[in-house]
Amino acid sequence: TQLLEQSPQFLSIQEGENLTVYCNSSSVFSSLQWYRQEPGEGPVLLVTVVTGGEVKKLKRLTFQFGDARKDSSLHITAAQPGDTGLYLCVGTSGTYKYIFGTGTRLKVLA
Amino acid sequence: DVKVTQSSRYLVKRTGEKVFLECVQDMDHENMFWYRQDPGLGLRLIYFSYDVKMKEKGDIPEGYSVSREKKERFSLILESASTNQTSMYLCASSLSLPGYGYTFGSGTRLTVV
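A short tour of the structure in this document, coming up. Per-chain numbering applies: the sequence of each chain, read as written, is numbered from 1 onward. All chains are assigned letters beginning with A, and all ligands numbers beginning with 1, in the order in which they are written. Side-chain atom pairs in this predicted model are given and counted only at pLDDT of 80 or more, local residue features only at pLDDT of at least 70, and totals for whole chains, interfaces and linings cover all residues. Working from all heavy atoms in the structure, the side-chain values ignore hydrogens and water.

### A closer look at the overall build of chain B
Then, in step 1: The secondary structure listing takes helices from DSSP runs of H or I that are at least 4 residues long and strands from runs of E that are at least 2 residues long, numbered from the N terminus. Scanning chain B for helices and strands turns up 0 helices and 11 strands.
Then, in step 2: Helices and strands appear in chain B in the N-to-C order β-β-β-β-β-β-β-β-β-β-β.
Then, in step 3: Against the 2.2 N^0.38 benchmark of 13 Å for 113 residues, chain B shows a C-alpha radius of gyration of 13 Å, consistent with a compact globule.
Then, in step 4: If one aligns the C-alpha atoms of chain B with their principal axes, the spans along those axes are about 40 × 25 × 25 Å.
Then, in step 5: Between buried and exposed lies partly exposed: a residue is buried under 20% and exposed over 50% of the maximum accessible area for its type, with that area taken using a 1.4 Å probe on protein chains only. Of all 113 residues assigned to chain B, the portion counted as buried reaches 50%.
Then, in step 6: Looking at chain B alone, contacts between residues at least 24 apart form 55% of all its contacts between residues at least 6 apart.
Then, in step 7: As displayed, chain B has an accessible area near 5500 Å², and 50% of this comes from carbon and sulfur atoms.
Then, in step 8: This count recognises Lys and Arg as positive and Asp and Glu as negative, with His and chain-terminal groups excluded. To locate a charge, take NZ of a lysine, CZ of an arginine, CG of an aspartate or CD of a glutamate. In chain B, 15 side chains carry a positive charge and 14 a negative one; their mean positions are 6 Å apart. In this treatment the radius of gyration is a C-alpha quantity, and the globule benchmark scales as 2.2 Å times the residue count to the 0.38 power. The criterion used for residue contact is that any of the two residues' heavy atoms lie within 4.5 Å. Throughout, the Shrake-Rupley method with a 1.4 Å probe supplies accessible areas, and for residues the shown protein chains are the sole cover considered.

### Considerations on the interface of chain A and chain B
Then, in step 1: Listed as interface residues are 18 residues of chain A and, on the opposing side, 20 residues of chain B.
Then, in step 2: Buried area: the accessible surface (1.4 Å probe) lost by two parts on joining, summed over both. When the two sides are added together, the surface that chain A and chain B hide from each other amounts to roughly 1500 Å², 56% of it contributed by carbon and sulfur.
Then, in step 3: The rule for a salt bridge is simple: a side-chain nitrogen of Lys or Arg has to be within 4 Å of a carboxyl oxygen of Asp or Glu. The interface formed by chain A and chain B holds 1 salt bridge in total.
Then, in step 4: Note that Arg9 of chain B is salt-bridged to Glu41 of chain A, the shortest N-O span being 3.3 Å.
Then, in step 5: Here a polar contact means two N or O atoms within 3.5 Å. Within protein one must be a hydrogen donor candidate and the other an acceptor candidate, and residues neighboring in sequence count only if both atoms are side-chain atoms. The interface formed by chain A and chain B holds 6 residue pairs in polar contact (both at pLDDT 80 or more) in total.

### Considerations on the environment of Ile46 of chain B
All names here are of chain B.
Then, in step 1: Along the chain, Ile46 turns up in strand S5 (residues 42-49).
Then, in step 2: As a C-alpha pair, Ile46 and Lys70 span 24 residues in sequence and 19 Å in three-dimensional space.
Then, in step 3: When neighbours within four sequence positions are excluded, Ile46 is seen to be in contact with Trp34, Tyr35, Arg36, Lys57, Gly58, Asp59, Ile60, Pro61, Tyr64, Leu76 and Tyr89.

### What to know about the state of the cysteines
Here a disulfide denotes a covalent bond joining the sulfur atom of one cysteine to the sulfur atom of another.
Residues and elements named next belong to chain A.
Then, in step 1: Disulfides are defined as pairs of cysteine sulfur atoms found within 2.5 Å of each other. If you walk through the whole model with that rule in mind, you get 2 disulfides over all chains.
Then, in step 2: With a sulfur-sulfur separation of 2.0 Å, Cys23 is cross-linked through a disulfide to Cys89. On the S-S bond that ties Cys23 to Cys89, the torsion sits near 80°, and the link is right-handed. Here Cys89 lies in strand S9 (residues 85-92) and Cys23 lies in strand S3 (residues 19-24), a separation of 66 residues in the sequence. Of the two residues, Cys23 and Cys89, both sit in the buried class.

### Looking at the side chain of Thr92 of chain A
Then, in step 1: Take Thr92 of chain A: it is sitting in strand S9.
Then, in step 2: A relative accessible area of 0% places Thr92 of chain A in the buried class.
Then, in step 3: Within polar-contact distance, the side chain of Thr92 of chain A engages the side chain of Ser31 of chain A at 2.4 Å.
Then, in step 4: Apart from residues lying up to four places away in sequence, Thr92 of chain A is in contact with Phe29, Ser30, Ser31, Gln33, Lys97 and Tyr98 of chain A together with Gly99 of chain B.

### Describing the nonpolar core
Then, in step 1: With 22 residues, the main nonpolar core has Leu19, Leu32, Trp34, Phe63, Leu74, Ile76 and Leu106 of chain A as its most contacted residues.
Then, in step 2: When contributions to this core are tallied by element, the ones reaching two or more residues are S3, strand S4 (31-37), strand S5 (44-49), strand S7 (61-65), strand S8 (71-76), S9 and strand S11 (104-109) of chain A. Take the buried residues of types Ala, Val, Leu, Ile, Met, Phe, Trp, Tyr and Cys, join any two whose side-chain atoms come within 4.5 Å, and each joined set is a nonpolar core.

### Points about the sheet that holds S8 of chain A
Residues and elements named next belong to chain A.
Then, in step 1: Pairing between strands requires that DSSP locate at least two bridges from one strand to the other. The strand order across the open sheet formed by 5 strands is S1-S3-S8-S7-S6, and the pairing between neighbours is antiparallel. Here the strands that pair on one side only, and so sit at the sheet edges, are strand S1 (5-7) and strand S6 (55-58). Between one strand axis and the next, the sheet turns by 15° as a mean value, whatever way the strands run.
Then, in step 2: Both S6 and S7 contribute to a ladder of 4 bridges, which runs antiparallel. The residue of S7 that forms the bridge with Leu58 is Leu61. Only the stretch in contact is used when a helix axis is fitted, and all axes are lines through C-alpha atoms; the angle between N-to-C directions ranges over 0 to 180 degrees.

This is the structure:
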């Protein structure tokens, strides 16, 4: 069974701080996605990474796919209250097989 | 703006009722999915469909059925609702490309009393 473990599970930080969320597996994925879900809403796709070692930036968010395509990280610089939400990593292998991570709940305090 | 629309944001149903959750997408996506999301358990796949009239069981199909008569619409049916089906239900769609991201609906919070 493929599993995606995220750490930390919960994170509460002050506005302006930096943070990193990790997503780890023993399995290799063909691609990995990150989503953010706000309370009462569905997850929204932030980024997809497909190549081992790939780094993508989305404003203050930096995503990295591990060289072996088994893990990923999300780094947020100078967090803002609008970054608050549940962050989910999703590993894919094939067209229909999506493995959801356990989630990281982030709260950024003003 | 492309979207996945779920018919209800909140539903309260009685035990034993037949419940229909509707999902419509306007992106011409081939694939559609139904998940439920519960605290501590994350998102779990109930059913998915990769084409009209096609369906595949996910990880937790028991107590549910689905219908996909048109490409844009995917319905989740709770044949006889039970209290352990109280949950947030999320519909999603995607193209049939490996690794293509999901577009999710806003979810339906179902309470079975």
